[in-house]
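If you want the building blocks of each chain, they are given just below.
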Amino acid sequence: MAGSGQERARHWQYAELPGVDLLRARFVEKVFVRHTHENFVIAAIADGVEVFHHGGADQYAGPGTLALVNPDTPHTGRAGVPEGWRYGAVYPSPELMAEIAAETTTIRGTPGFTRPVLDDPYAVSLVHEVLRAAEEGNALAADTLLRVAVTRLLRLNGGPLPRRAVHTAGSRVAARARAVLEERMAEPPTLERLATDLETSPFALLRAFRDTYGMPPHTWLTDARVRRARRLLDTGSAPADAAVTVGFTDQPHLNRHFTRIVGVPPGAYQRERKNVQDAEPGPYLPSGVWQNRQLTQRHTGKKTAEDPTPPSSGTPWESGSPSDCPASPSG
């Protein structure tokens, strides 16, 4: 777990869950700048409150709720209470989400989440059990529980993502600007130079880019650099080399932006992902009481004194055919 003091985070992958990133964290003063993810975000809040700006408004996710973000959707993140927030998150790829949706739901088109916050303690417990199974090396449980959780969330809060809007002149200019920035990531042009090359004005380009991608070009570029740096770290590049390759001044420059977007420094990120099979379980597991409560709920369907609130809906297989969704394993 990276971090010190009250803040801790672990960002890793489990080889038996390809296409899925995993995270356990507790943050107090952490502030995530506006950024996007290539994968879906399914963040299960255990304690405290997270506030994240999404869709033009602040969203609040407290204990028993999930923060849900679709790919390439700009959002931020910060504590909503003085004690911060503790959570576990899974980041499934669009391909995996589409596969699960096609097999277990009636969603047609590209699946996604319709609301950014969902109150569902049962789904929260499923996400934390996925993480626990991955930490313990239980591939069957991790894969099964992930599919159960995703199916449940799509049935409760899923739908087809909107089709891309018809391209306007502004969006076409923004797309061309993005292509230039991707190609010249290490040495990008100034806004004025970029606008001149695209035969528009700087402010017209700025407006078009922000309208199309939800952030100005310089913010998008930082986000894109961190994404590319992650890929380089995943293939074994040293953080210092990755920093220069993507256009950061040096490794401290990469460290600062990487931590503000990913949640952990690049060195800690790379160590965890290089040693996913040998890593010791992190300290942020659900409490023994919580784990016992979830096992009781799963096998008896009864509430306990610790959680008088039932799941917001039935178990995943109660909302459809039992053959659509496998039962959760008991170990």
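This text follows the structure it describes.
Residues numbered from 1 in each chain as written. Predicted model: local features only at pLDDT ≥ 70, side-chain atom pairs only at ≥ 80, totals over all residues. Heavy atoms only, no water.

Draft legend 1. Representation of the packing of aromatic side chains within the structure. This model, assessed by the stated rule, comprises 8 aromatic pairs. Taking the centre distance of 4.9 Å and the plane angle of 55° together, the rings of Phe209 and Tyr213 count as tilted. Of the two residues, Phe209 and Tyr213 both sit in helix α6 (residues 202–213), 4 residues apart, roughly one turn of that helix. Note on Phe209: relative accessible area 0%, which makes it buried. Aromatic ring contacts, followed pair by pair, group Phe27, Phe32, Trp85 and Tyr87 into a single cluster. Of note, Arg10 hangs over the ring of Trp12, and the distance from its end group to the ring centre comes to 4.1 Å. (Phe/Tyr/Trp six-rings, centres within 6.5 Å; stacked < 30°, edge-to-face > 60°. Helix = DSSP H or I, 4+ residues; strand = E, 2+ residues; numbered from the N terminus. Buried < 20%, exposed > 50% of the residue type's maximum accessible area, 1.4 Å probe, protein only. Lys NZ or Arg CZ within 6 Å of the ring centre and 35° of its normal.)

Draft legend 2. How the structure looks around the packing of helix α4 (residues 169–183) against helix α7 (residues 217–234). Closest axis-to-axis distance for the α4/α7 pair is 11 Å, and the angle between their directions is 45°. Judged by the angle between their axes, α4 and α7 are oblique. As α4 packs across α7, the resulting crossing turns out to be right-handed. Across the interface between the two elements, Arg178, Leu181 and Glu182 of α4 pack against Pro217, Trp220, Leu221 and Arg228 of α7. Looking at side-chain class alone, the contact of α4 with α7 contains 4 nonpolar, no polar and 3 charged residues. (Axes fitted to C-alpha atoms, helices over the stretch in contact; angles between N-to-C directions. Parallel < 35°, antiparallel > 145°, perpendicular 65-115°, else oblique. Left-handed = near helix turned anticlockwise from the far one by under 90°. Contact = heavy atoms within 4.5 Å. Nonpolar A, V, L, I, M, F, W, Y, C, P; charged D, E, K, R; others polar.)

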